[in-house]
Amino acid sequence: MGVSVATSERILSQAGNDRSVLIDVFNKLGLPWREDYCCPLASNQPPSETRAVPVHQSSEVAPKRPATRLLAVLPVVLAVPLLLQYGMGSKFAEDNSRVIEQRTAAVQAADAGRKAYHRGDYGQAKSAARRVFQTAKAFQFADVAAEALTLEGDVLAVEGRLTEALEKYREALPLWSTFGNIHGKGVLLELMAVTEARLGMLDEARAHFLQALEILRSLGPEHIHVGSLRGLGSVAAVQGDYEAARKWYDEAATALHDQPDDAMQTNLRALRALLLRDDGRFEESRKELEACLEFWRGIRHPRWQATTHRQIATVMILAGDQIEALRHTKRAIDLYEKVGDGWGAAESRRLLSEGSDYVRSMTAKLEDYF
């Protein structure tokens, strides 16, 4: 709510509060305020029997995608408490009953869209994001609108429409900023940074990874910030500073000890394997990536398998094994096309046409590490 714990307790228990405080909290939560919602609180009035609607927050965090292309899920606030003072009339209750009904429906649709995204059903995810955004805009649900824009940006990024994805993230950022430095803002900055990096905007990406890391660390140890550490490592790797990259990846792995995440561990393993490749240690790199591929097969996600096939192909090209390189590249293309990732399929075809020159290029490194 952006207020002290004591003030929050008074609001949620309907013990009364200053009108100016309630107006400010309504604004921060994206709820419309009207003067007829409030009346003086008499000192001899009994406590209200009206119960506040509890706040629930989704704790589901999806695994990050391989080669730092697995995007973190933004937490979605599933319901906002009714900020009632004792004495607020039935008009308030009627109006806000509809508001809460619409909010609940919008958040459930956003959650369904996010699940569709992680299943690889990007058409359904995009459709849900656009519907949710229209509802959130109409009812001024800033956080739900931010999640809808972020989800649409995630789908655009998967489709390879990176500039459009970045525009959606930038549109969402001021909505999250309304609530201050919260988890949603920190994760969105990570998403922006990944997209900027893939577009070659490394300075901007590094600045946003650092900003995200600062925000998420400030929120406490329970907030995941591994994506920022991993992203900083990948920026260093693309720039050729492999020692710094390993240090960032090691710090990310250490952070995971308190936040177990098999998918992220596998992601970091793949990134370290790419560093082995760039050091010329092709056999070690291949074995590590094949182990990662088995993990992604185990969770049956074709897109993440595609990325790992592509990574193995780059190793085989540099190692001079053209037969294996061709096999893995073709498999990557098939899987990318299956999930509608035109960008991934196109970049894989460049492996076939340009070979080792492409693998060593900045464009390929951005694709590998992000």
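Residues numbered from 1 in each chain as written. Predicted model: local features only at pLDDT ≥ 70, side-chain atom pairs only at ≥ 80, totals over all residues. Heavy atoms only, no water.

Here we come to the overall build of the chain. Helix and strand counts for the chain stand at 17 helices and 0 strands. Surface exposure of the chain reaches about 16100 Å², of which carbon and sulfur atoms provide 50%. (Helix = DSSP H or I, 4+ residues; strand = E, 2+ residues; numbered from the N terminus. Areas by Shrake-Rupley, 256 points an atom, 1.4 Å probe, with all protein chains shown as cover.)

Although it is not a glycine, Q140 adopts a positive phi angle of roughly 60 degrees. Within the secondary structure, Q140 is located in the loop between α4 (122–139) and α5 (142–158). Unusually for a residue other than glycine, R300 sits at a positive phi of about 55 degrees. On the secondary structure map, R300 appears in the loop between α12 (282–298) and α13 (302–319). In this structure R300 comes out as exposed when scored by relative accessible area, which is 73%. (Buried < 20%, exposed > 50% of the residue type's maximum accessible area, 1.4 Å probe, protein only.)

With that settled, the discussion passes to the packing of aromatic side chains. The tally for this structure, following the rule as stated, stands at 5 aromatic pairs. Taking 6.5 Å as the distance between ring centres and 15 degrees as the angle between the ring planes, the aromatic pair formed by F209 and F370 counts as stacked. With F209 in helix α8 (residues 202–218) and F370 in the segment after α17 (362–369), the pair connects residues that are 161 residues apart, well separated along the chain. The same class applies to F209 as to F370, namely buried. Taking the centre distance of 5.1 Å and the plane angle of 70 degrees together, the rings of W296 and W304 count as edge-to-face. An aromatic cluster of three or more residues is present, and its members are F295, W296 and W304. The ring centre of F141 lies 5.4 Å from the NZ or CZ of R103, which sits over that ring. In this arrangement the basic side chain of R114 is found over the ring face of Y117, its NZ or CZ atom lying 5.4 Å from the centre. (Phe/Tyr/Trp six-rings, centres within 6.5 Å; stacked < 30°, edge-to-face > 60°. Lys NZ or Arg CZ within 6 Å of the ring centre and 35° of its normal.)

Turning our attention to the pattern of salt bridges. Under the defined criterion, the tally for this structure stands at 27 salt bridges. With its nearest N and O atoms 2.9 Å apart, the salt bridge here joins E152 to R130. Linking E152 in helix α5 with R130 in helix α4, this pair joins segments that are 22 residues apart in sequence. Exposure remark for E152: the relative accessible area of 7% places this residue in the buried category. The partner of D278 in a salt bridge is R277, and the shortest N-O contact between them spans 2.9 Å. One salt-bridge network, held together by shared partners, links R277, D278, R310, K365 and D368. (Salt bridge = Lys/Arg side-chain N within 4 Å of Asp/Glu carboxyl O.)

Another point: the nonpolar core. Ranked by size, the top nonpolar core spans 30 residues in total, and within it F209, Y249, L268, L275, Y369 and F370 carry the most contacts. Put simply, the parts of the chain that give this core at least two residues each are α7 (183–198), α8, α9 (226–238), α10 (242–255), α11 (262–278) and α17. Apart from residues no more than four positions distant in its own chain, F209 is found in contact with E190, A193, V194, G227, S228, G231, L232, V235 and F370. Grouped together as the second largest cluster of nonpolar side chains are 29 residues, A110, V144, A172 and L191 included. (Core = buried A, V, L, I, M, F, W, Y, C linked by side-chain atoms within 4.5 Å. Contact = heavy atoms within 4.5 Å.)

A few words on helix α6 (residues 162–177). Over its 16 residues, α6 extends 22 Å from the first C-alpha to the last, a length consistent with the 22 Å expected when each residue adds 1.5 Å. Against α5, α7 and α15 (342–354) lie the buried residues of α6. (Expected span 1.5 Å × (residues − 1).)

Take the side chain of S348 next. Examined against the element boundaries, S348 turns out to sit in helix α15. Residues within four places of S348 in sequence aside, it is in contact with R310, T329, A332, I333 and Y336.

Further remarks concern the environment of V339. Counting through the fold element by element, V339 comes out in the loop between α14 (322–338) and α15. Exposure remark for V339: the relative accessible area of 11% places this residue in the buried category. In the structure, V339 is positioned 38 residues away from H301 in sequence and 9.6 Å away in space, judged by C-alpha atoms. Setting aside its immediate chain neighbours within four residues, V339 contacts Y122, P302 and R303.

So, on to the confidence of the model for the chain. Detailed reading of the predicted coordinates is not advisable wherever pLDDT is low. Residues with a pLDDT of 70 or more make up 74% of the chain, whose mean pLDDT is 81. At the low end of the mean pLDDT range in the chain sits helix α1 (residues 5–12), at 50; at the high end sits α12, at 97. Scored below 50 in pLDDT, residues 1–6 makes 12 contacts in the model with residues more than four places away or belonging to other chains. Considering only residues more than four positions removed or in separate chains, one finds that residues 42–92, a stretch of pLDDT under 50, has 152 contacts. (pLDDT = per-residue confidence, 0-100.)

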